[in-house]
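Take a look at the letters that make up each chain.
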Amino acid sequence: MKLTGVELRQIRLPLVAPFRTSFATQTERTALLLRAVGTESEGWGECVAMAEPRYSSEYVASCADVLSRHLIPELARYESLDATTVAPALEPFRGHRMAKAALEMAVLDAELRASGVPLARELGAVRDRVPCGVSVGIMDSVPELLEAVAGYLDDGYVRIKLKIEPGWDIEPVRAVRQHFGDDLLLQVDANAAYTLADARHLAGLDPFGLLLIEQPLEEEDILGHAQLAKLISTPVCLDESITSARAAAAAITLGACSIVNIKPGRVGGYLEARRIHDVCVAHGVPVWCGGMLETGIGRAANLALAALPGFTLPGDTSASDRFYRTDITDPFVLSDGHLPVPTGPGLGIEPLPEVLDEFTVTTEWIAL
Ligand code: OSB
Ligand code: MG
């Protein structure tokens, strides 16, 4: 297809409740949406970067900048473009995976809408609904946490992930385990808040039968994760460190992780995400789909990915109302702990124009 232009749109959505992690407390989601306009169709992309560079070095304004100055203009050189050519075309530009992923996603959606193919089918999905977990933020007190977890279990979530940090780790995990029993699928996410010197402390989580500990150490510390994995019995899962299929293969080979959280936005797109899935399946490493407080746009695509065969653990693919009272698309609603994989062409969903406008902060049109 031939691209004629891309619209960049920054939106701001209030969260239903503050979401606290080891790196920030969020009360709203600022997100960057892309609308790729081609000669035959249009497609949507959602950039997972946050407003501030705390989870990753990329952030909303850096993504908007590199997209408008470098990435989108580069595609002007292509008379005919398909999604598989986007990543190679952008390869000369170093890094900026979140920005690249959003652009590839928009082109992929446009292309699949034109050909009538659902993203799930294109990626190789084998399920029509996926089991959903939920990520639970750091709270001010254990009773408050127990109440939040009870609410999510009432909603039907099949797996609980607790955000942890030094000072909020062993006690909340012990309390949730004691209160909800040994059958609860429970895992923790540190977002790189520890160092290898904390290994003995983290071994204190061993008795609680966690599915995994996600990203205990800093992003670049692959060797540290390999050493930590030998000192604790909880399986180590990597999130921030997994930036590509090559990085995943290296981390697995070095023993730095035995489970992988795949976030398409973090690794440069859904096509690279599928390659990571394939690498992990080949190594017998279970994967699950992470989340980045996506709107319905990103959530739809994550559900398509999470329907691939290697996604054997529930993901952070929660329902729209986990974070948003009003989503910019029709909401994804949990049913029996599952969300449906969209079946329409491309993402199978699009923003509701009035709602989108209501939450839009800025728009920019980049003609090609
Ligand atoms: O580390 O998985 C993470 C949210 C923002 C940034 C990083 C992470 C998270 C979550 C929530 O844990 C995932 C979600 O439900 O969208
Ligand atoms: Mg994480």
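You'll find the structure just up there.
A few points on the structure. These figures come from a predicted structure and were not determined experimentally.

Concerning the side chain of Thr-21
Here is step 1 of the chain: Topologically, Thr-21 is positioned in the loop between strand 1 (3-20) and strand 2 (25-38).
Here is step 2 of the chain: Accessibility expressed as a relative area gives 4% for Thr-21, which makes it buried.
Here is step 3 of the chain: The contact partners of Thr-21, leaving out residues within four places of it in the chain, are Ile-138, Lys-163, Glu-165 and Asn-191.

Section: the coordination of the magnesium ion (ligand 2)
Here is step 1 of the chain: Surrounding the magnesium ion (ligand 2) are the protein donor atoms Asp-189 (OD), Glu-214 (OE) and Asp-239 (OD), which sit 2.1 to 2.3 Å from the metal.
Here is step 2 of the chain: Within one chain, the residues serving as donors to the magnesium ion (ligand 2) are arranged as D-x24-E-x24-D. Taken together, the positions of Asp-189 in strand 7 (residues 186-189) and Asp-239 in the loop between strand 9 (236-238) and helix 9 (245-253) put the pair 50 residues apart, joining distant regions of the chain.

A few points about the packing of helix 5 (residues 142-155) against helix 6 (residues 170-180)
Here is step 1 of the chain: Axis separation between helix 5 and helix 6 bottoms out at 10 Å; the angle between their running directions is 50°. It follows that helix 5 is oblique to helix 6 by the angle criterion. The interaxial crossing formed by helix 5 with helix 6 has right-handed handedness. Contacts between helix 5 and helix 6 pair Val-142, Leu-145, Leu-146, Val-149, Ala-150 and Leu-153 from the former with Pro-172, Ala-175, Val-176, His-179 and Phe-180 from the latter.
Here is step 2 of the chain: Taken together, the residues of the contact of helix 5 with helix 6 sort by class into 10 nonpolar, 1 polar and no charged.

Some thoughts on the environment of Thr-329
Here is step 1 of the chain: Positionally, Thr-329 belongs in the loop between helix 11 (296-306) and strand 12 (338-340).
Here is step 2 of the chain: The buried category is assigned to Thr-329, whose relative accessible area is 1%.
Here is step 3 of the chain: Residues contacting Thr-329, with those up to four places away along its chain left out, are Gly-296, Ile-297, Ile-349, Glu-350, Pro-351 and Leu-352.

Definitions and cut-offs
Residues numbered from 1 in each chain as written. Chains lettered and ligands numbered in written order. Predicted model: local features only at pLDDT ≥ 70, side-chain atom pairs only at ≥ 80, totals over all residues. Heavy atoms only, no water. Helix = DSSP H or I, 4+ residues; strand = E, 2+ residues; numbered from the N terminus. Buried < 20%, exposed > 50% of the residue type's maximum accessible area, 1.4 Å probe, protein only. Contact = heavy atoms within 4.5 Å. Donors = N, O, S within 2.8 Å, 3.2 Å for Na, K, Ca; no water. Axes fitted to C-alpha atoms, helices over the stretch in contact; angles between N-to-C directions. Parallel < 35°, antiparallel > 145°, perpendicular 65-115°, else oblique. Left-handed = near helix turned anticlockwise from the far one by under 90°. Nonpolar A, V, L, I, M, F, W, Y, C, P; charged D, E, K, R; others polar.

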